[in-house]
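This is what each chain is made of:
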Amino acid sequence: MEILPSIDLRGYSHMSTNELRQAFLVEGLFQTGLLVLKYWETDRTVIGGVVPGATKLALTCPRELAAKFFNERRELGIINLGAAGTVEVDGKSYPLQTHDCLYVGRGARDVTFGSADAAQPAQFYLLSYPAHVDYPTTHASFAATPGVELGAPSQANARVLYKFIHAGGIKSCQLVMGMTVLKPGSVWNTMPPHTHLRRTEVYLYFNVAPEAAVFHFAGRPEETRSVLVHDRQAVLSPPWSIHSGVGTNNYTFIWGMGGENQEFADMDPAPIKTLR
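Residues numbered from 1 in each chain as written. Predicted model: local features only at pLDDT ≥ 70, side-chain atom pairs only at ≥ 80, totals over all residues. Heavy atoms only, no water.

Q: Looking at this model, I keep getting lost on unusual backbone geometry. Mind explaining?
A: As a rule of thumb, non-glycine residues mostly have phi less than zero, and peptide bonds are mostly trans rather than cis. The linkage connecting Met191 with the following residue, Pro192, adopts the cis geometry, with an omega of 5°. Even without being glycine, Arg44 reaches a positive phi, approximately 50°. Looking at where Arg44 falls in the secondary structure, it is placed in the loop between strand E3 (35-40) and strand E4 (45-50). Taking the relative accessible area as the measure of exposure, Arg44 reaches 49% and is therefore partly exposed. Here the phi dihedral of Ala156 falls at roughly 55°; this positive angle occurs in a residue that is not glycine. Structurally, the position occupied by Ala156 is in the loop between strand E13 (147-150) and strand E14 (159-165). (Helix = DSSP H or I, 4+ residues; strand = E, 2+ residues; numbered from the N terminus. Buried < 20%, exposed > 50% of the residue type's maximum accessible area, 1.4 Å probe, protein only.)

Q: Any chance you could explain the sheet that holds strand E18 (residues 199-206) here in plain terms?
A: The strands making up a sheet associate through backbone hydrogen bonding, with each pair oriented either parallel or antiparallel. Here 7 strands make up an open sheet; going across it, the order is E2-E21-E18-E23-E15-E14-E13 and the pairing antiparallel. The open sheet has two free edges, formed respectively by strand E2 (25-26) and E13, since each of these has just one partner strand. Summarising the sheet, strand E15 (residues 176-182) and strand E23 (residues 252-259) pair through 6 bridges and their orientation is antiparallel. Across the sheet, Val176 pairs through a bridge with Met257, a residue of E23. (Pairing = 2+ DSSP bridges.)

Q: I'm lost on the pairing of E3 in this one. Help?
A: Two faces, one strand: in a regular strand the side chains alternate between the faces of the sheet. Burial within E3 is extensive, with 5 of its 6 residues counted as buried. Pairing between E3 and E4: 6 bridges, direction antiparallel. The partner of Leu37 across the bridge, within E4, is Gly48. A loop of 4 residues connects E3 with E4, the two strands running antiparallel in sequence, and Asp43 in this loop sits at a positive phi of about 60°.

Set out below in structure tokens:
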């Protein structure tokens, strides 16, 4: 499991393009037939991708966690970006269609991933934080999850927000997780931006066309930097950093947070006129 160091608040403004990408960008999560896990030191976040082929893949416990099994002291959020698949948790199967979510609580011992069709595999995105409370494994169907309309075409940010794991939905210890879909003709997300010192956040961009890209903005509001992001790449957002993006086309992204609270609206606004 690759270790991703905490991002240097004092040094990021002097980083080169490659150094910024090494610090903020997470690549290579989705590889057929593999479980890929990366450990971000900030809030002890684990980010992962699983693409099962003809055989199922087990959620193994990396040595770095020093645990008997992955969820011994952790909770896990899973969203399927690919075709239909199944997650099995301690012997119980949970079918996941495209964009479905599954929460796996602390204490789950055996977790395996499978694809309904190896020619069109499921692609499971994983986000995990430490947990000190047990909550039950719970499935959320994308089709049954209400969306919240946000933004407007006149601001090029018309989008639909879906909350899966949150205080009013699937219960968790600290993980909050959902998805935002940009409508055709809209390209901006999270503008005006914000920070939240109580939580870290990870964005996973997908449905980014091969010829397209997203310019993700990071850093302190008064000292912003940008990172170019392509399909199925993630961006780390430490508590002091804004997280916003603009694409060359519309796209979708998964947002996930962990920290002191689960208040979705707990944000420190960064008005556009203050950005630099």
